[in-house]
Amino acid sequence: MIDQYVESISTFSGDIDNVIWVVFLIVGFWFVLAELVFFGLIFKFLAKPGVKAKYVSGERPEEKRWVTLPHYATLAFDVAIIVLAIKVWHDVKIDLPKADSTVRVISQQWAWTFVHPGPDNQLDTPDDITTVDELHVEKDKTYHFELTSRDVLHSFSVPVFRLKQDAIPGRIIKGWFKATQTGQYDIQCTEICGIGHGIMPARIIIESPAQHRTWNQSNAPKVADAAPTTPPTQLGGMP
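Below you will find a few notes about this structure. Source: prediction; values computed, not measured.

**With respect to the side chain of serine 13**
Secondary-structure assignment places serine 13 in helix H1 (residues 13-44). A distance of 2.9 Å separates the side chain of serine 13 from the backbone oxygen of serine 10, its partner in a polar contact. Not counting chain neighbours up to four residues away, the residues in contact with serine 13 comprise Ser8, Val160, Phe161 and Arg162.

So this is what it looks like as structure tokens:
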């Protein structure tokens, strides 16, 4: 249902959607049950003429179970959510698959700079392709990204991938994605990074292998005229 509002087009976006759905269903179940019990008891024990209110201390075992049983059930559901969430977190953030290609993502107030590896598929070589606010990738290809910031905190977000990673000045943070559908989609900065934060959108253009090969060949600088790209100094990894 989530993908009816925001498309799901990466290999791990469905797993993230599933975590959201599990949390929604569990929390929704307990919310509805709690409200039914709450209002049910209110109407059941409405004040009646000639009926004196009864004081309940909650110390008897049959009274305590109304608190202890839901408490233990909630803890069990919490553990299930944590286990599921950690598994997805590990698959998305920790266990990076082998890369077919690597791109560099540089954030700054208020634009995105993307360094593509060019036809040789290697960063920091003379045929690197640098673009502003436009990232070109190939469908069904595993990409690593090297994310950094030139000034303040930013956050690299691709909603259709369910991808969001903070960019921290002085650090290179690595992540990955694999697109499963061609098209053009939004890239956002989801960290309030200054007065121009709202005008810092970009686009990711996902192409077929033939389209991406053509784009690479058309936009790669001539090797004789190109200069190597100097990567930012790496001071740390993923937080």
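**Brief notes about helix H2 (residues 61-94)**
Here H2 spans 46 Å end to end across 34 residues, near enough to the 50 Å set by a 1.5 Å rise per residue. Inspection of H2 places Ile81, Val88, Val92 and Lys93 among the buried residues, and these make up the whole buried set.

**Description of the layout of surface pockets**
Taken as a whole, the largest pocket encloses approximately 780 Å³ of empty space. Residue lining of the largest pocket: 20 residues in total, with Val37, Leu41, Lys44, Phe45 and Trp66 positioned closest to the centre. Elements with a minimum of two residues in the lining of the largest pocket: H1 and H2. The residue inventory of the lining of the largest pocket, partitioned by class, reads 14 nonpolar, one polar and five charged. In this structure, the second largest pocket occupies an estimated 260 Å³ of space. Along its surface, the second largest pocket is lined by 15 residues, and Ile16, Val92, Lys93, Arg162 and Lys164 are the ones closest to its centre. When residues of the lining of the second largest pocket are traced back to their parent elements, those giving at least two are H1, H2, strand E6 (154-158) and strand E7 (163-167). Top contributing element to the lining of the second largest pocket by residue count: H2, with five residues. Among the residues forming the lining of the second largest pocket, the class breakdown is eleven nonpolar, one polar and three charged.

Definitions and limits used
- Residues numbered from 1 in each chain as written.
- Predicted model: local features only at pLDDT ≥ 70, side-chain atom pairs only at ≥ 80, totals over all residues.
- Heavy atoms only, no water.
- Helix = DSSP H or I, 4+ residues; strand = E, 2+ residues; numbered from the N terminus.
- Polar contact = N/O pair within 3.5 Å; in protein donor to acceptor, adjacent residues only side chain to side chain.
- Contact = heavy atoms within 4.5 Å.
- Expected span 1.5 Å × (residues − 1).
- Buried < 20%, exposed > 50% of the residue type's maximum accessible area, 1.4 Å probe, protein only.
- 1 Å grid on protein atoms, 1.4 Å probe; cavity = no way out; pocket = protein on both sides within 12 Å on 5 of 7 lines; lining within 4 Å.
- Points joined across faces, edges and corners; volume = space filled by probe spheres on them.
- Nonpolar A, V, L, I, M, F, W, Y, C, P; charged D, E, K, R; others polar.

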